[in-house]
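Here's the letter readout for the chains.
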Amino acid sequence: MMLKDQNDLNITASDPKYVALYDDAITELAHFRDPSNIIEGLLEQSPHFAMAHILSAYLYLLSTDENDAAAAKQHLALANAAAQDSAINEREQKHLEALSVWLDGNMEKASFILDSLLIDYPQDMLALLIGHQLDFFLGHAQNLKNRIARSLPSWDKSHPLYSFVLGMYGFGLEEAREYNRAEDIAKQAVALNPKDVWGIHAVAHALEMLNRYEEGAQYMKQRKQDWGENNFFIPHNALHLGLFELEMGDVKEILALSDTMIHNASTGENPIVLLDGSSLIWRFYLDNVDVGKARLQALASSWRKIADQNFYSFNDVHAVMAFVAADDFSSAEKVIQSQKMFLKNNKPGISYYHMTKEIGLPISEALYAFGKGNYQECINKLMPIKNTIHHFGGSHAQRDVFARTLVEAAFRSKNKLLAQALLSERLEEKPQSPYNLMKKENLALMA
Ligand SMILES: [Fe+2]
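Residues numbered from 1 in each chain as written. Predicted model: local features only at pLDDT ≥ 70, side-chain atom pairs only at ≥ 80, totals over all residues. Heavy atoms only, no water.

S.K.: Can you tell me about the overall build of the chain, naming the residues and giving the values?
M.R.: Helix and strand content of the chain: 24 helices and two strands. Scaling as 2.2 N^0.38, a compact globule of 447 residues should have a C-alpha radius of gyration of about 22 Å, and the chain matches this with 22 Å. With respect to the principal axes defined by its C-alpha atoms, the chain has extents near 75 × 50 × 35 Å. Across the chain, every contact between residues at least 6 apart in sequence was considered, and the portion connecting residues at least 24 apart equals 67%. Positive and negative side-chain charges of the chain, numbering 42 and 57 respectively, have mean locations separated by a distance of 7 Å. (Helix = DSSP H or I, 4+ residues; strand = E, 2+ residues; numbered from the N terminus. Rg over C-alpha atoms; globule rule 2.2 N^0.38 Å. Contact = heavy atoms within 4.5 Å. Lys, Arg positive; Asp, Glu negative; His and termini not counted. Charge placed at Lys NZ, Arg CZ, Asp CG, Glu CD.)

S.K.: Could you give an account of helix 7 (residues 125-138), with specific residues and numbers?
M.R.: Between its first and last C-alpha atoms helix 7 spans 20 Å; for 14 residues at 1.5 Å apiece the expected length is 20 Å, and the two agree. The buried fraction of helix 7 amounts to 14 of the 14 residues, a majority that puts the element mostly inside the structure. Its side-chain oxygen at 3.1 Å from the backbone nitrogen of Leu126, Asp124 defines the N-terminal cap of helix 7. Remark: Gly139 follows helix 7 within two positions and exhibits a positive phi of approximately 70 degrees. (Expected span 1.5 Å × (residues − 1). Buried < 20%, exposed > 50% of the residue type's maximum accessible area, 1.4 Å probe, protein only. Polar contact = N/O pair within 3.5 Å; in protein donor to acceptor, adjacent residues only side chain to side chain.)

S.K.: A description of the nonpolar core should follow, citing residues and the corresponding values.
M.R.: Core analysis: the biggest nonpolar cluster contains 162 residues, and Trp102, Met125, Leu126 and Ile363 have the highest contact counts within it. Excluding its chain neighbours within four sequence positions, the residues that come into contact with Ile363 are Val317, Leu382, Ile385, Ile389, Phe392 and Phe402. (Core = buried A, V, L, I, M, F, W, Y, C linked by side-chain atoms within 4.5 Å.)

S.K.: Quick rundown of the side chain of Ser433? Include the residues and the values.
M.R.: Summarising the element assignment, Ser433 is placed in the loop between helix 23 (416-429) and helix 24 (434-445). Leave out the neighbours within four places in its chain, and Ser433 touches Asn211, Tyr213 and Glu247.

S.K.: Describe the coordination of the iron ion, listing the residues and the values that go with them.
M.R.: The iron ion binds to the protein through His201 (NE2), His205 (NE2), His236 (NE2) and His240 (NE2); the donor distances cover 2.1 to 2.2 Å. With four donor atoms in place around the iron ion and angles of 86 to 179 degrees between them, the coordination shape is irregular. Within one chain, the residues donating to the iron ion are spaced in sequence as H-x3-H-x30-H-x3-H. In this pair, His205 sits in helix 11 (residues 197-209) while His236 sits in helix 14 (residues 234-247), placing the two residues 31 residues apart along the sequence. (Donors = N, O, S within 2.8 Å, 3.2 Å for Na, K, Ca; no water. Tetrahedral: all angles 85-135°; square planar, octahedral: opposite > 155°, others 65-115°.)

S.K.: An account of the domain arrangement of the chain is requested, with residue identities and associated values reported.
M.R.: On domain assignment, one finds that the chain holds domain 1 (1-137), domain 2 (139-262) and domain 3 (277-413). For domain 1 and domain 2, the distance between their C-alpha centroids amounts to 25 Å. Facing 26 residues of domain 1, the contacting portion of domain 2 comprises 25 residues. Together domain 1 and domain 2 conceal approximately 2,400 Å² of surface at their shared face, both sides included; 63% is due to carbon and sulfur atoms. Counting the surface domain 1 buries against domain 2, the share from its top three residues, Phe32, His132 and Asp135, is 30%. Viewed at the interface, domain 2 and domain 1 are joined by three salt bridges. The dominant element in the side of domain 1 that touches domain 2, judged by the number of residues it contributes, is helix 7, at nine residues. Its residues assigned to classes, the side of domain 1 that touches domain 2 shows twelve nonpolar, nine polar and five charged. (Domains from an automatic or database assignment. Buried area = accessible area lost by both parts, 1.4 Å probe. Salt bridge = Lys/Arg side-chain N within 4 Å of Asp/Glu carboxyl O. Nonpolar A, V, L, I, M, F, W, Y, C, P; charged D, E, K, R; others polar.)

S.K.: I'd like a rundown of the packing of aromatic side chains, residues and numbers included.
M.R.: Taken as a whole and judged by the stated rule, the model has 21 aromatic pairs. Summarising the aromatic geometry, the rings of Phe32 and Trp198 are spaced 5.4 Å apart at their centres and angled 5 degrees between planes, so their arrangement reads as stacked. Pair noted here: Phe32 is in the loop between helix 1 (16-30) and helix 2 (36-45) and Trp198 is in helix 11, with a separation of 166 residues, a long-range link. For the pair formed by Phe32 and Trp198, the shared burial category is buried. Taking the centre distance of 5.3 Å and the plane angle of 90 degrees together, the rings of Phe329 and Tyr368 count as edge-to-face. A residue pair is termed long-range when its members are at least 10 positions apart, and Phe329 in helix 19 (residues 329-345) and Tyr368 in helix 20 (residues 351-371) qualify at 39 residues. We note Lys372 situated over the ring of Phe329; from NZ or CZ to the ring centre the distance is 4.3 Å. Above the ring of Tyr435, the side-chain terminus of Arg404 is found at 3.8 Å from the ring centroid. (Phe/Tyr/Trp six-rings, centres within 6.5 Å; stacked < 30°, edge-to-face > 60°. Lys NZ or Arg CZ within 6 Å of the ring centre and 35° of its normal.)

S.K.: Go over the packing of helix 17 (residues 293-304) against helix 18 (residues 313-325) with me, naming the residues and quoting the values.
M.R.: Following both chains from N to C, one finds helix 17 and helix 18 inclined at 145 degrees, their axes separated by 8 Å at the closest point. For helix 17 against helix 18, the interelement crossing comes out left-handed. Of the residues in helix 18, those in contact with Leu296, Leu299, Ala300, Trp303 and Arg304 of helix 17 are Asn315, His318, Ala319, Ala322, Phe323 and Ala325. Broken down by class, the residue content of the contact of helix 17 with helix 18 amounts to eight nonpolar, two polar and one charged. (Axes fitted to C-alpha atoms, helices over the stretch in contact; angles between N-to-C directions. Left-handed = near helix turned anticlockwise from the far one by under 90°.)

S.K.: If you had to explain the pattern of salt bridges to someone new, which residues and values would you point to?
M.R.: In this structure the tally under the stated criterion is 27 salt bridges. Salt-bridge contacts for Arg399 lead to Glu175; the nearest nitrogen and oxygen are separated by 3.9 Å. Of this pair, Arg399 sits in helix 22 (residues 396-412) while Glu175 is found in helix 9 (residues 162-175), placing the two residues 224 residues apart along the sequence. Classification of Glu175 by relative accessible area gives buried; the value is 3%. When the shortest N-O distance is used, the salt bridge between Arg304 and Asp328 registers 3.0 Å. Of the two residues, Arg304 is situated in helix 17 and Asp328 in the loop between helix 18 and helix 19; the sequence distance between them amounts to 24 residues. When its relative accessible area of 41% is taken as the criterion, Arg304 is described as partly exposed. What you see here is one network of salt bridges that share partners, running through Asp115, Asp135, Arg147 and Arg150.

S.K.: Would you mind going over the side chain of Ser63 in detail, with residue names and values included?
M.R.: Structurally, Ser63 can be placed in the loop between helix 3 (50-62) and helix 4 (69-85). The class of Ser63 is buried, set by a relative accessible area of 13%. A polar side-chain atom of Ser63 sits 2.9 Å from the main-chain carbonyl oxygen of Tyr60. Discounting chain neighbours no more than four positions away, the residues touching Ser63 are Asp68, Asn270, Pro271 and Ile272.

Structure representation (C-alpha coordinates):
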(Lines give C-alpha, C1' and ligand atoms only; values in the text may rest on other atoms or scores of the structure.)
Protein backbone atom coordinates (compact mmCIF):
# COMPACT_ATOMS: atom_id res chain seq x y z
CA MET A 1 0.00 0.00 0.00
CA MET A 2 1.06 3.60 -0.48
CA LEU A 3 2.02 5.37 2.75
CA LYS A 4 3.93 8.57 3.60
CA ASP A 5 7.49 8.83 4.93
CA GLN A 6 8.76 11.55 7.28
CA ASN A 7 9.16 13.90 4.31
CA ASP A 8 5.56 13.37 3.22
CA LEU A 9 6.70 11.39 0.17
CA ASN A 10 4.74 8.38 -1.03
CA ILE A 11 6.44 5.14 -0.03
CA THR A 12 5.40 1.59 -0.85
CA ALA A 13 5.14 -0.40 2.38
CA SER A 14 2.67 -2.79 4.04
CA ASP A 15 2.32 -1.03 7.40
CA PRO A 16 3.01 2.45 8.84
CA LYS A 17 5.14 0.89 11.58
CA TYR A 18 7.62 -0.29 8.93
CA VAL A 19 7.78 3.19 7.43
CA ALA A 20 8.51 4.56 10.92
CA LEU A 21 11.46 2.15 11.21
CA TYR A 22 12.66 3.15 7.74
CA ASP A 23 12.48 6.82 8.81
CA ASP A 24 14.51 5.97 11.94
CA ALA A 25 17.17 4.34 9.75
CA ILE A 26 17.39 7.46 7.54
CA THR A 27 17.77 9.64 10.65
CA GLU A 28 20.56 7.36 11.89
CA LEU A 29 22.31 7.59 8.52
CA ALA A 30 22.07 11.39 8.59
CA HIS A 31 23.89 11.23 11.95
CA PHE A 32 26.51 8.86 10.41
CA ARG A 33 25.38 6.25 12.93
CA ASP A 34 25.10 2.68 11.68
CA PRO A 35 21.45 1.94 10.83
CA SER A 36 22.09 -1.68 9.78
CA ASN A 37 20.52 -3.18 12.94
CA ILE A 38 17.34 -1.20 12.36
CA ILE A 39 17.24 -2.21 8.68
CA GLU A 40 17.93 -5.88 9.40
CA GLY A 41 15.17 -5.96 12.01
CA LEU A 42 12.86 -4.14 9.62
CA LEU A 43 13.54 -6.55 6.76
CA GLU A 44 12.95 -9.55 9.03
CA GLN A 45 9.48 -8.21 9.73
CA SER A 46 8.82 -6.88 6.25
CA PRO A 47 11.02 -8.76 3.74
CA HIS A 48 9.31 -7.22 0.68
CA PHE A 49 9.88 -3.57 1.63
CA ALA A 50 11.62 -2.28 -1.52
CA MET A 51 12.96 1.00 -0.08
CA ALA A 52 14.46 -0.82 2.93
CA HIS A 53 16.38 -3.10 0.54
CA ILE A 54 17.42 -0.06 -1.49
CA LEU A 55 18.67 1.74 1.63
CA SER A 56 20.57 -1.37 2.68
CA ALA A 57 22.23 -1.70 -0.75
CA TYR A 58 23.27 1.97 -0.71
CA LEU A 59 24.84 1.47 2.72
CA TYR A 60 26.96 -1.40 1.45
CA LEU A 61 28.11 0.73 -1.50
CA LEU A 62 28.98 3.68 0.74
CA SER A 63 31.67 1.57 2.39
CA THR A 64 33.64 1.66 -0.92
CA ASP A 65 34.76 -1.87 -0.01
CA GLU A 66 34.48 -4.43 -2.80
CA ASN A 67 33.74 -7.07 -0.19
CA ASP A 68 30.41 -5.35 0.40
CA ALA A 69 29.38 -5.30 -3.26
CA ALA A 70 27.90 -8.82 -3.19
CA ALA A 71 25.55 -7.88 -0.33
CA ALA A 72 24.57 -4.70 -2.19
CA LYS A 73 23.73 -6.79 -5.28
CA GLN A 74 21.65 -9.16 -3.17
CA HIS A 75 19.58 -6.30 -1.79
CA LEU A 76 19.17 -4.83 -5.27
CA ALA A 77 17.79 -8.19 -6.48
CA LEU A 78 15.44 -8.37 -3.48
CA ALA A 79 14.32 -4.79 -4.10
CA ASN A 80 13.60 -5.66 -7.75
CA ALA A 81 11.61 -8.73 -6.67
CA ALA A 82 9.67 -6.62 -4.14
CA ALA A 83 8.98 -4.04 -6.86
CA GLN A 84 7.39 -6.73 -9.02
CA ASP A 85 5.26 -8.01 -6.14
CA SER A 86 3.72 -4.64 -5.42
CA ALA A 87 4.19 -1.91 -8.01
CA ILE A 88 6.54 0.76 -6.64
CA ASN A 89 6.23 4.44 -7.49
CA GLU A 90 8.29 6.49 -9.94
CA ARG A 91 10.60 7.88 -7.22
CA GLU A 92 11.35 4.42 -5.85
CA GLN A 93 11.93 3.17 -9.38
CA LYS A 94 14.55 5.88 -9.90
CA HIS A 95 16.37 4.77 -6.75
CA LEU A 96 16.43 1.25 -8.20
CA GLU A 97 17.90 2.57 -11.45
CA ALA A 98 20.55 4.62 -9.60
CA LEU A 99 21.56 1.60 -7.55
CA SER A 100 21.68 -0.64 -10.54
CA VAL A 101 24.01 1.62 -12.59
CA TRP A 102 26.22 2.27 -9.55
CA LEU A 103 26.61 -1.48 -9.11
CA ASP A 104 27.54 -1.66 -12.79
CA GLY A 105 30.33 0.79 -11.98
CA ASN A 106 28.81 3.93 -13.47
CA MET A 107 28.86 6.35 -10.55
CA GLU A 108 28.34 9.40 -12.80
CA LYS A 109 25.08 8.02 -14.13
CA ALA A 110 23.93 7.05 -10.62
CA SER A 111 24.65 10.60 -9.51
CA PHE A 112 22.75 12.02 -12.50
CA ILE A 113 19.70 9.82 -11.87
CA LEU A 114 19.56 10.95 -8.24
CA ASP A 115 19.89 14.56 -9.40
CA SER A 116 16.93 14.15 -11.72
CA LEU A 117 14.97 12.43 -8.94
CA LEU A 118 15.68 15.39 -6.67
CA ILE A 119 14.34 17.87 -9.22
CA ASP A 120 10.93 16.19 -8.84
CA TYR A 121 11.28 15.25 -5.15
CA PRO A 122 13.64 17.78 -3.51
CA GLN A 123 12.75 16.50 -0.05
CA ASP A 124 13.97 12.95 -0.69
CA MET A 125 16.51 12.75 2.14
CA LEU A 126 17.94 9.43 0.99
CA ALA A 127 18.60 10.81 -2.51
CA LEU A 128 20.24 13.88 -0.97
CA LEU A 129 22.45 11.88 1.40
CA ILE A 130 23.52 9.34 -1.22
CA GLY A 131 23.83 11.90 -4.04
CA HIS A 132 26.01 14.10 -1.81
CA GLN A 133 28.35 11.18 -1.11
CA LEU A 134 28.44 10.30 -4.82
CA ASP A 135 29.45 13.90 -5.58
CA PHE A 136 32.19 13.48 -2.99
CA PHE A 137 33.40 10.18 -4.45
CA LEU A 138 33.41 11.72 -7.93
CA GLY A 139 35.07 14.98 -6.90
CA HIS A 140 32.12 17.02 -8.22
CA ALA A 141 32.74 20.09 -6.07
CA GLN A 142 30.13 22.31 -7.72
CA ASN A 143 27.44 19.69 -7.41
CA LEU A 144 28.32 19.07 -3.76
CA LYS A 145 27.01 22.60 -3.34
CA ASN A 146 24.42 22.84 -6.10
CA ARG A 147 22.61 19.54 -5.52
CA ILE A 148 21.80 20.77 -2.02
CA ALA A 149 21.14 24.36 -3.15
CA ARG A 150 18.47 23.14 -5.55
CA SER A 151 16.63 21.27 -2.78
CA LEU A 152 17.11 23.59 0.18
CA PRO A 153 14.22 26.03 -0.54
CA SER A 154 11.76 23.12 -0.57
CA TRP A 155 12.63 22.14 2.99
CA ASP A 156 10.62 23.33 5.98
CA LYS A 157 13.11 24.82 8.44
CA SER A 158 11.33 23.12 11.33
CA HIS A 159 11.77 19.65 9.82
CA PRO A 160 13.88 17.44 12.15
CA LEU A 161 16.24 16.60 9.27
CA TYR A 162 16.64 20.19 8.02
CA SER A 163 19.90 20.74 9.93
CA PHE A 164 21.50 17.86 8.05
CA VAL A 165 20.59 19.43 4.72
CA LEU A 166 22.27 22.63 5.92
CA GLY A 167 25.30 20.62 7.06
CA MET A 168 25.64 19.10 3.59
CA TYR A 169 25.25 22.55 2.07
CA GLY A 170 28.02 23.86 4.31
CA PHE A 171 30.39 21.14 3.10
CA GLY A 172 29.38 21.74 -0.52
CA LEU A 173 30.09 25.46 -0.17
CA GLU A 174 33.51 24.69 1.28
CA GLU A 175 34.44 22.36 -1.59
CA ALA A 176 33.16 25.03 -4.01
CA ARG A 177 35.68 27.35 -2.29
CA GLU A 178 33.10 29.63 -0.67
CA TYR A 179 34.78 29.32 2.70
CA ASN A 180 33.20 32.14 4.74
CA ARG A 181 29.70 31.23 3.69
CA ALA A 182 30.53 27.56 4.32
CA GLU A 183 31.55 28.35 7.89
CA ASP A 184 28.39 30.37 8.47
CA ILE A 185 26.00 27.74 7.06
CA ALA A 186 27.76 24.78 8.70
CA LYS A 187 27.72 26.54 12.07
CA GLN A 188 23.98 27.13 11.63
CA ALA A 189 23.58 23.39 11.03
CA VAL A 190 25.55 22.51 14.17
CA ALA A 191 23.60 25.07 16.22
CA LEU A 192 20.36 23.35 15.17
CA ASN A 193 21.77 19.89 15.92
CA PRO A 194 25.10 19.59 17.77
CA LYS A 195 25.21 15.89 16.81
CA ASP A 196 25.40 16.70 13.09
CA VAL A 197 28.87 15.25 12.59
CA TRP A 198 28.91 16.11 8.88
CA GLY A 199 28.08 19.73 9.80
CA ILE A 200 30.92 19.76 12.37
CA HIS A 201 33.15 18.30 9.67
CA ALA A 202 32.11 21.09 7.28
CA VAL A 203 33.10 23.73 9.88
CA ALA A 204 36.49 21.99 10.25
CA HIS A 205 37.01 22.05 6.48
CA ALA A 206 36.09 25.74 6.26
CA LEU A 207 38.45 26.71 9.12
CA GLU A 208 41.25 24.65 7.56
CA MET A 209 40.89 26.49 4.25
CA LEU A 210 40.59 29.84 6.06
CA ASN A 211 44.02 29.23 7.70
CA ARG A 212 42.46 29.29 11.20
CA TYR A 213 44.31 26.27 12.57
CA GLU A 214 44.39 26.99 16.29
CA GLU A 215 40.73 27.96 16.28
CA GLY A 216 39.94 24.83 14.27
CA ALA A 217 41.71 22.59 16.78
CA GLN A 218 39.85 24.28 19.63
CA TYR A 219 36.54 23.95 17.81
CA MET A 220 37.03 20.23 17.29
CA LYS A 221 38.23 19.65 20.85
CA GLN A 222 35.31 21.56 22.34
CA ARG A 223 32.86 19.47 20.35
CA LYS A 224 34.57 16.14 20.81
CA GLN A 225 31.66 14.69 22.79
CA ASP A 226 29.44 15.39 19.78
CA TRP A 227 31.63 13.96 16.99
CA GLY A 228 33.70 11.51 19.00
CA GLU A 229 31.04 9.03 20.09
CA ASN A 230 28.67 6.58 18.46
CA ASN A 231 29.17 7.27 14.75
CA PHE A 232 31.31 5.82 11.99
CA PHE A 233 32.77 9.19 11.05
CA ILE A 234 34.94 9.45 14.19
CA PRO A 235 38.31 8.62 12.54
CA HIS A 236 37.74 11.21 9.83
CA ASN A 237 36.81 14.02 12.19
CA ALA A 238 39.80 12.98 14.32
CA LEU A 239 41.95 13.31 11.20
CA HIS A 240 40.74 16.89 10.81
CA LEU A 241 41.72 17.66 14.41
CA GLY A 242 45.07 16.02 13.62
CA LEU A 243 45.52 18.21 10.53
CA PHE A 244 45.02 21.37 12.60
CA GLU A 245 47.52 20.09 15.16
CA LEU A 246 49.95 19.13 12.41
CA GLU A 247 50.07 22.75 11.24
CA MET A 248 50.95 23.67 14.82
CA GLY A 249 53.59 20.95 14.98
CA ASP A 250 52.16 19.05 17.94
CA VAL A 251 53.42 15.59 16.94
CA LYS A 252 52.98 13.81 20.29
CA GLU A 253 49.39 14.92 20.61
CA ILE A 254 48.58 13.88 17.04
CA LEU A 255 50.06 10.43 17.52
CA ALA A 256 48.06 9.94 20.72
CA LEU A 257 44.94 11.05 18.84
CA SER A 258 45.78 8.73 15.97
CA ASP A 259 46.29 5.74 18.28
CA THR A 260 42.97 6.25 20.02
CA MET A 261 40.69 7.48 17.25
CA ILE A 262 42.19 7.00 13.78
CA HIS A 263 44.04 3.69 13.57
CA ASN A 264 44.63 1.01 16.15
CA ALA A 265 44.28 -2.75 16.61
CA SER A 266 40.47 -2.55 16.61
CA THR A 267 40.16 -0.49 13.41
CA GLY A 268 39.48 -3.47 11.14
CA GLU A 269 39.82 -3.64 7.38
CA ASN A 270 37.55 -0.87 6.27
CA PRO A 271 39.13 1.19 3.46
CA ILE A 272 37.18 4.35 4.12
CA VAL A 273 38.58 4.39 7.67
CA LEU A 274 42.08 3.21 6.82
CA LEU A 275 42.58 6.03 4.37
CA ASP A 276 42.46 8.52 7.27
CA GLY A 277 45.38 6.63 8.85
CA SER A 278 47.32 6.72 5.58
CA SER A 279 46.61 10.39 5.05
CA LEU A 280 48.21 11.25 8.38
CA ILE A 281 51.08 8.74 8.20
CA TRP A 282 52.13 9.96 4.75
CA ARG A 283 52.29 13.57 5.91
CA PHE A 284 54.67 12.48 8.68
CA TYR A 285 56.63 10.42 6.18
CA LEU A 286 57.06 13.46 3.94
CA ASP A 287 58.30 15.50 6.90
CA ASN A 288 60.72 12.77 8.04
CA VAL A 289 58.92 12.44 11.36
CA ASP A 290 59.58 9.08 12.99
CA VAL A 291 56.22 7.65 14.10
CA GLY A 292 57.70 4.28 15.04
CA LYS A 293 57.83 1.03 13.09
CA ALA A 294 54.95 -0.52 14.99
CA ARG A 295 52.46 2.12 13.82
CA LEU A 296 53.65 1.89 10.21
CA GLN A 297 53.50 -1.89 10.15
CA ALA A 298 50.11 -2.01 11.84
CA LEU A 299 48.60 0.30 9.22
CA ALA A 300 50.22 -1.56 6.32
CA SER A 301 49.00 -4.84 7.78
CA SER A 302 45.41 -3.54 7.99
CA TRP A 303 45.54 -2.51 4.32
CA ARG A 304 47.12 -5.70 3.01
CA LYS A 305 43.94 -7.78 2.68
CA ILE A 306 41.99 -5.08 0.86
CA ALA A 307 44.75 -3.25 -0.97
CA ASP A 308 44.25 -4.30 -4.56
CA GLN A 309 40.48 -4.16 -4.94
CA ASN A 310 40.43 -1.56 -7.73
CA PHE A 311 36.98 -0.74 -6.46
CA TYR A 312 37.60 2.87 -5.55
CA SER A 313 40.84 4.36 -6.80
CA PHE A 314 41.11 6.87 -3.94
CA ASN A 315 41.45 3.90 -1.56
CA ASP A 316 44.10 2.14 -3.67
CA VAL A 317 46.55 5.04 -3.52
CA HIS A 318 46.10 5.35 0.24
CA ALA A 319 47.07 1.69 0.52
CA VAL A 320 50.22 2.48 -1.48
CA MET A 321 51.02 5.31 0.95
CA ALA A 322 50.83 2.95 3.91
CA PHE A 323 53.04 0.35 2.17
CA VAL A 324 55.72 2.79 1.03
CA ALA A 325 55.82 4.48 4.45
CA ALA A 326 56.28 1.03 6.04
CA ASP A 327 59.04 0.23 3.54
CA ASP A 328 56.92 -2.59 2.06
CA PHE A 329 57.60 -1.95 -1.62
CA SER A 330 56.51 -5.42 -2.62
CA SER A 331 52.92 -4.74 -1.46
CA ALA A 332 53.00 -1.30 -3.10
CA GLU A 333 54.18 -2.89 -6.35
CA LYS A 334 51.34 -5.42 -6.14
CA VAL A 335 48.78 -2.60 -6.02
CA ILE A 336 50.36 -0.92 -9.03
CA GLN A 337 50.36 -4.19 -10.98
CA SER A 338 46.72 -4.83 -10.07
CA GLN A 339 45.81 -1.31 -11.24
CA LYS A 340 47.50 -2.05 -14.57
CA MET A 341 45.70 -5.38 -14.88
CA PHE A 342 42.40 -3.71 -14.02
CA LEU A 343 42.89 -1.23 -16.86
CA LYS A 344 43.81 -4.04 -19.23
CA ASN A 345 40.73 -6.08 -18.33
CA ASN A 346 38.16 -3.28 -18.28
CA LYS A 347 36.86 -0.67 -20.66
CA PRO A 348 35.82 2.98 -20.44
CA GLY A 349 32.35 3.45 -18.98
CA ILE A 350 33.17 2.26 -15.50
CA SER A 351 33.91 5.19 -13.19
CA TYR A 352 36.71 3.30 -11.47
CA TYR A 353 38.39 2.73 -14.85
CA HIS A 354 38.63 6.47 -15.59
CA MET A 355 39.70 7.32 -12.05
CA THR A 356 42.42 4.67 -12.05
CA LYS A 357 43.69 5.49 -15.53
CA GLU A 358 43.72 9.25 -15.21
CA ILE A 359 44.67 9.72 -11.54
CA GLY A 360 44.98 6.57 -9.41
CA LEU A 361 47.74 4.76 -11.28
CA PRO A 362 49.97 7.83 -11.84
CA ILE A 363 49.68 8.68 -8.13
CA SER A 364 50.52 5.14 -7.03
CA GLU A 365 53.57 5.24 -9.29
CA ALA A 366 54.53 8.68 -7.98
CA LEU A 367 54.33 7.52 -4.36
CA TYR A 368 56.38 4.45 -5.16
CA ALA A 369 58.99 6.56 -6.95
CA PHE A 370 59.12 8.98 -4.02
CA GLY A 371 59.72 6.10 -1.60
CA LYS A 372 62.55 4.84 -3.79
CA GLY A 373 64.13 8.28 -3.89
CA ASN A 374 63.28 8.81 -7.57
CA TYR A 375 62.01 12.33 -7.00
CA GLN A 376 62.14 13.42 -10.63
CA GLU A 377 60.01 10.41 -11.58
CA CYS A 378 57.56 11.38 -8.84
CA ILE A 379 57.37 14.92 -10.26
CA ASN A 380 56.89 13.55 -13.78
CA LYS A 381 53.90 11.51 -12.61
CA LEU A 382 52.25 14.20 -10.47
CA MET A 383 52.74 17.38 -12.50
CA PRO A 384 50.44 16.42 -15.44
CA ILE A 385 47.55 15.57 -13.11
CA LYS A 386 47.90 18.19 -10.39
CA ASN A 387 45.04 20.31 -11.78
CA THR A 388 42.61 17.44 -12.42
CA ILE A 389 43.37 15.37 -9.36
CA HIS A 390 39.87 15.99 -7.95
CA HIS A 391 38.52 13.67 -10.63
CA PHE A 392 39.15 10.73 -8.33
CA GLY A 393 37.23 12.22 -5.43
CA GLY A 394 38.04 13.32 -1.90
CA SER A 395 38.22 16.82 -0.46
CA HIS A 396 40.69 19.70 -0.81
CA ALA A 397 42.13 18.79 2.60
CA GLN A 398 42.53 15.12 1.68
CA ARG A 399 44.10 15.82 -1.70
CA ASP A 400 46.58 18.27 -0.19
CA VAL A 401 48.66 15.22 0.73
CA PHE A 402 49.51 14.82 -2.98
CA ALA A 403 50.29 18.51 -3.41
CA ARG A 404 52.67 18.24 -0.43
CA THR A 405 54.28 15.17 -2.01
CA LEU A 406 54.99 17.22 -5.13
CA VAL A 407 56.47 20.10 -3.10
CA GLU A 408 58.67 17.69 -1.18
CA ALA A 409 59.80 15.97 -4.36
CA ALA A 410 60.73 19.38 -5.83
CA PHE A 411 62.85 20.16 -2.75
CA ARG A 412 64.52 16.76 -2.66
CA SER A 413 65.35 16.85 -6.36
CA LYS A 414 66.83 20.31 -5.75
CA ASN A 415 64.50 21.85 -8.32
CA LYS A 416 64.38 25.31 -6.75
CA LEU A 417 62.29 26.90 -9.49
CA LEU A 418 59.60 24.25 -9.27
CA ALA A 419 59.60 24.39 -5.45
CA GLN A 420 59.24 28.17 -5.66
CA ALA A 421 56.39 27.94 -8.17
CA LEU A 422 54.50 25.37 -6.14
CA LEU A 423 55.00 27.34 -2.93
CA SER A 424 53.77 30.54 -4.60
CA GLU A 425 50.59 28.68 -5.47
CA ARG A 426 50.19 27.39 -1.91
CA LEU A 427 50.99 30.69 -0.21
CA GLU A 428 48.43 32.46 -2.37
CA GLU A 429 45.76 30.14 -1.03
CA LYS A 430 47.06 29.66 2.51
CA PRO A 431 49.38 32.53 3.45
CA GLN A 432 49.23 31.78 7.18
CA SER A 433 49.84 28.04 6.94
CA PRO A 434 52.84 27.23 9.19
CA TYR A 435 53.71 24.39 6.79
CA ASN A 436 53.82 26.79 3.83
CA LEU A 437 55.80 29.38 5.80
CA MET A 438 58.30 26.75 6.95
CA LYS A 439 58.78 25.63 3.35
CA LYS A 440 59.27 29.25 2.32
CA GLU A 441 62.10 29.51 4.85
CA ASN A 442 63.57 26.24 3.57
CA LEU A 443 63.42 27.63 0.04
CA ALA A 444 65.42 30.68 1.06
CA LEU A 445 68.15 28.36 2.38
CA MET A 446 68.17 26.27 -0.80
CA ALA A 447 71.29 26.49 -2.93
FE1 LIG B 1 37.02 15.80 5.54
